[in-house]
Amino acid sequence: MDANRTVAFFCSESTGHVNPILGVADAMTKQGWEVHFYVPQVCKQLVEGVGAKWQPMGHDDLTIEDAAVDAITNKLGMDMTADIHVNVLPFRVVPATLTVPPYLLKSVSRLSPRFVVFDACAPWGLILSQVLRVSVVSCMPALSTPAAERDNSFGRHERCPQSRVPGGFQSQSLLPALCTVQHDHFFPLLASCS
């Protein structure tokens, strides 16, 4: 077995996401893995409580929402308007993906982890694994719901009522801007690493 027992975890501070992935981190630390957990500082005590090493995502008090606002205003050059709900996961984590990887790339490359574990609400974990060419595990905590109940509650995607998400996905100007930035910045970065 490879002697490298270091792993990097990535998650947001949302309790429905961080709590389940902490269980994985706990099990791994008990099996002798050195777990470095990148999550906003509000979760530091929880991370250290399972024996993992808390790592900042940039400056110590950075939140995913702060990173999203920074990306929207400074990287995309857009004004924060009422239709951009950075308190809702897609509008928080997707823009944050433009802000946090440069810091994380430096930090994680120094760790040289055997693999990366990321929650689906921390997509920068996937980006970092591809750039650093390390194996990756994606986790998506979800409540188990029978398909019929789920379909009756939410309907099919194209029939999903706009009122389900604040703003009803009205942030149409944000989506093309994010796609352009991903195309212009992330894809060339990944291609240069192949």
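What counts, and at which threshold
- Residues numbered from 1 in each chain as written.
- Predicted model: local features only at pLDDT ≥ 70, side-chain atom pairs only at ≥ 80, totals over all residues.
- Heavy atoms only, no water.
- Axes fitted to C-alpha atoms, helices over the stretch in contact; angles between N-to-C directions.
- Helix = DSSP H or I, 4+ residues; strand = E, 2+ residues; numbered from the N terminus.
- Parallel < 35°, antiparallel > 145°, perpendicular 65-115°, else oblique.
- Left-handed = near helix turned anticlockwise from the far one by under 90°.
- Contact = heavy atoms within 4.5 Å.
- Salt bridge = Lys/Arg side-chain N within 4 Å of Asp/Glu carboxyl O.
- Buried < 20%, exposed > 50% of the residue type's maximum accessible area, 1.4 Å probe, protein only.
- Core = buried A, V, L, I, M, F, W, Y, C linked by side-chain atoms within 4.5 Å.
- Pairing = 2+ DSSP bridges.

For the protein chain, the name recorded in an unreviewed UniProt entry is Monogalactosyldiacylglycerol synthase, with Prorocentrum cordatum as its organism.

Visitor: Help me out: how do you make sense of the packing of helix H5 (residues 101–111) against helix H6 (residues 124–132) in this one?
Guide: Axes are the key here: two packed helices are described by the angle between their axes and the distance separating the axes. With their axes 10 Å apart at the nearest point, H5 and H6 run at an angle of 50° to one another. With respect to H6, the axis of H5 lies oblique. Crossing handedness for the pair H5 and H6: right-handed. Packed against H5, whose contacting residues are Pro101, Leu104, Leu105, Val108 and Ser109, the element H6 presents Trp124, Leu128, Val131 and Leu132 at the interface.

Visitor: So what exactly am I meant to see when it comes to the pattern of salt bridges here?
Guide: Pairing is possible between side chains of opposite charge, provided their charged atoms come close. Under the counting rule described, the total for this entry stands at two salt bridges. Note that Asp26 is salt-bridged to Lys30, the shortest N-O span being 3.1 Å. Here Asp26 and its partner Lys30 are both found in helix H1 (residues 15–30), four residues apart, which amounts to about one turn of the helix. Glu34 is paired through a salt bridge with Lys53; the nearest N and O atoms lie 3.7 Å apart. Pair noted here: Glu34 is in strand S2 (residues 34–38) and Lys53 is in strand S3 (residues 53–55), with a separation of 19 residues, a long-range link. Classification of Lys53 by relative accessible area gives partly exposed; the value is 41%.

Visitor: It is not clear to me how the nonpolar core should be interpreted in this structure. Could you clarify?
Guide: Soluble globular proteins tend to bury their nonpolar side chains together. In terms of nonpolar packing, the biggest core is built from 27 residues, with Phe10, Met57, Val100, Leu104 and Trp124 touching the most fellow members. If you list the elements that add at least two residues to this core, you get strand S1 (6–10), helix H3 (64–75), helix H4 (89–96), H5, strand S4 (115–119) and H6. Excluding residues that lie within four positions of it along the chain, Val100 makes contacts with Met57, Leu62, Ala67 and Trp124. Ranked by size, the runner-up nonpolar core spans 20 residues in total, among them Ile21, Met28, Cys43 and Cys139.

Visitor: Is there a simple way to explain the sheet that holds strand S5 (residues 135–139) in this structure?
Guide: Consider a sheet: its strands pair through backbone hydrogen bonds, and that pairing is either parallel or antiparallel. Strands sit in the order S3-S2-S1-S4-S5 across an open sheet of five strands; the sheet is parallel. This sheet does not close on itself; its edge strands, each paired only once, are S3 and S5. Going across the sheet, the axis of each strand differs from the next one's by a mean of 25°, ignoring polarity. Taken together, the five bridges between S4 and S5 define a ladder with parallel strand orientation. Residue pairing across strands places Phe118 opposite Ser138, the latter belonging to S5. Where H1 meets the sheet, it contacts S1, S2, S4 and S5, and its direction lies at approximately 160° from that of S2. Its contacts with the sheet put H6 on S1, S4 and S5, and the angle it makes with S4 is roughly 160°.

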